[in-house]
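# Understanding the architecture of this molecule
Chain by chain, the residues:
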Amino acid sequence: MNKRLLWYPAIIGSFGVLIWIILQKGQSLPVNPNHFVPAKPAAAPPATAGWWHYLDNLKHPLGLLLLQIILIMVVARFFGILANKVKQPAVVGEIIAGVLLGPSLLGWIAPSFSGFIFPVESLKNLQFLSQIGLAFFMFIVGMELDISKIRHKAHDAVMISHASIIVPFFLGVWLAYFLFTRFAPANVNFLSFALFMGIAMSITAFPVLARIVQERKLTHTPLGIMAITCAAADDVTAWCILAVVVAIVNASGLMSALITICLALIFVALMLLAVRPWLNKITASLVSKGREKAAVSTVFLMLLISAWVAEVIGIHALFGAFLAGVIMPASTNIKQLLTDKLEDVSVMLLLPIFFVFTGLRTQIGLLNQGDLWIVCGIIMLIAVTGKFGGSAITARLMGQSWRQSVAIGALMNTRGLMELVVLNIGFDLGILSPEIFAMLVLMALATTFMTGPLLDLVAMSEKRKQSLTTL
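Keep in mind it's a predicted model, so treat the numbers as computed, not measured. (Residues numbered from 1 in each chain as written. Predicted model: local features only at pLDDT ≥ 70, side-chain atom pairs only at ≥ 80, totals over all residues. Heavy atoms only, no water.)

A separate point is the packing of helix α6 (residues 123–144) against helix α10 (residues 206–215). Packing of α6 against α10 brings their axes to within 10 Å, and their N-to-C directions diverge by 55 degrees. What the angle tells us is that α6 and α10 run oblique. The interaxial crossing formed by α6 with α10 has left-handed handedness. Each of F137, V141 and E144 in α6 lies in contact with α10, whose residues at this interface are F206, P207 and R211. For the contact of α6 with α10, the residue count by class is four nonpolar, no polar and two charged. (Axes fitted to C-alpha atoms, helices over the stretch in contact; angles between N-to-C directions. Helix = DSSP H or I, 4+ residues; strand = E, 2+ residues; numbered from the N terminus. Parallel < 35°, antiparallel > 145°, perpendicular 65-115°, else oblique. Left-handed = near helix turned anticlockwise from the far one by under 90°. Contact = heavy atoms within 4.5 Å. Nonpolar A, V, L, I, M, F, W, Y, C, P; charged D, E, K, R; others polar.)

So, in structure tokens, the structure goes:
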């Protein structure tokens, strides 16, 4: 057992030192002098471009927004059903739907119609709605985390989780060293670019992983329990790292970054040590008196305040929403009540808007040269090597069988929605260029799509082994 405990400082420490070395050497790289303007969809075509332009009421902002939501819901639902048909989580189909409704397909084959449905001036409304949906969803993700499992679980799960972050983070920073000069936007320093490449490589989609485990009836198996615990620890750690990265990027200097990080630590401590017990007490009191609506109202207010404080501090509103979910009291039925009220609205209505908004930013047509696709392939290879390989090898070092280790690596390699959240934050901050953004979106799709087939291969191998032993 003592030898296994030594793996943690050895792996985390060695990769941490390597990341620091690359970040130091990267400071001397020249900054890209080219002027960077975030890509925008093409402007709306003239009124003579299609029959729909004669329907004046459709041009009203509310009418247009409702039409956009209807189209998004129908297309996202259709592709979600198709994804389920091929044994993929619905989120894979919804992400694909978002990309197809953007300039990569709809804007390419029907630019006039695309410009009418998604004019540039309407994208702010979609962005605000998608951010509200994401805030609700991150709140639900926070509520689904069982911190007690992470706290009381064996050392192995935390070790696997943190290794699955530090290894791909190192590879992402290392890759950024070679991509920075060509692909970084103008006036973006290497530190910001490298940190975002690192976090983009190391994220795991905890909600998607949990649903895959549930759909495959692995929830109460040793594999399922270990994977869920690893993903939960990964989620908490990765979002804390993201908050620090955003604070560093937003800060104007070292002192400003330190102030932001200190304020973030104070905010987290207050939420966990002061707000959590108070919220537990007040919600329990309201529920016991039959005032469930008042309890829900109190929780919603806390969600909004937490998101607002996080945004003001400079660590992004989504982290505040996530933290608000983490501190939700577990002693009452308030969690189930909130999940019932929020999950359908956020998952079925608002999240598809986020996928389409991401799709409108994703221009696969920018990858119009062979070397760009080679870079995209390298990004995917490094992402899989770091996340899948780091998780699987560490699980094996912790005493898991090779089959269990490969299954854990496949599950931890799932990125899905959480990756898109990180990428959009990086794009909004002007750190990721349109080309890198498109490559990373494709990487998120590929790594999520491969989870099911990899688990099927592990299951087939297990069945073959069992059939041989019975002979």
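One finds F196 and I379 to be the most contacted residues of the largest nonpolar core, which totals 135 residues. Setting aside chain neighbours within four positions, we find F196 in contact with L242, V245, V246, V249, V422, I425, G426, L429 and I431. L106, F116, L126 and L350 belong to the second largest nonpolar core, which has 17 residues in total. (Core = buried A, V, L, I, M, F, W, Y, C linked by side-chain atoms within 4.5 Å. Buried < 20%, exposed > 50% of the residue type's maximum accessible area, 1.4 Å probe, protein only.)

Below, the discussion takes up the pattern of salt bridges. Inspection of the entire model under this criterion finds two salt bridges. For D371, the salt bridge is made with R182, and the minimal N-O distance between the two is 2.7 Å. Of the two residues, D371 sits in helix α16 (residues 370–397) while R182 sits in helix α8 (residues 155–183), which places them 189 residues apart along the sequence. With a relative accessible area of 30%, D371 lands in the partly exposed category. (Salt bridge = Lys/Arg side-chain N within 4 Å of Asp/Glu carboxyl O.)

Bringing the packing of α10 against helix α11 (residues 222–250) into the picture now. Following both chains from N to C, one finds α10 and α11 inclined at 170 degrees, their axes separated by 10 Å at the closest point. The orientation of α10 relative to α11 falls into the category roughly antiparallel. Of the residues in α11, those in contact with F206, L209, A210 and V213 of α10 are G224, A227, I228, A231, A232 and D235. Grouping the constituent residues of the contact of α10 with α11 by class yields eight nonpolar, one polar and one charged.

Below, the discussion takes up the side chain of S306. One can find S306 in helix α13 (residues 292–313). A residue is classified by how much of its surface remains accessible, and S306, at 1% relative accessible area, is buried. Setting aside residues up to four positions removed in sequence, S306 forms contacts with F267, M271, G320, A321 and A324.

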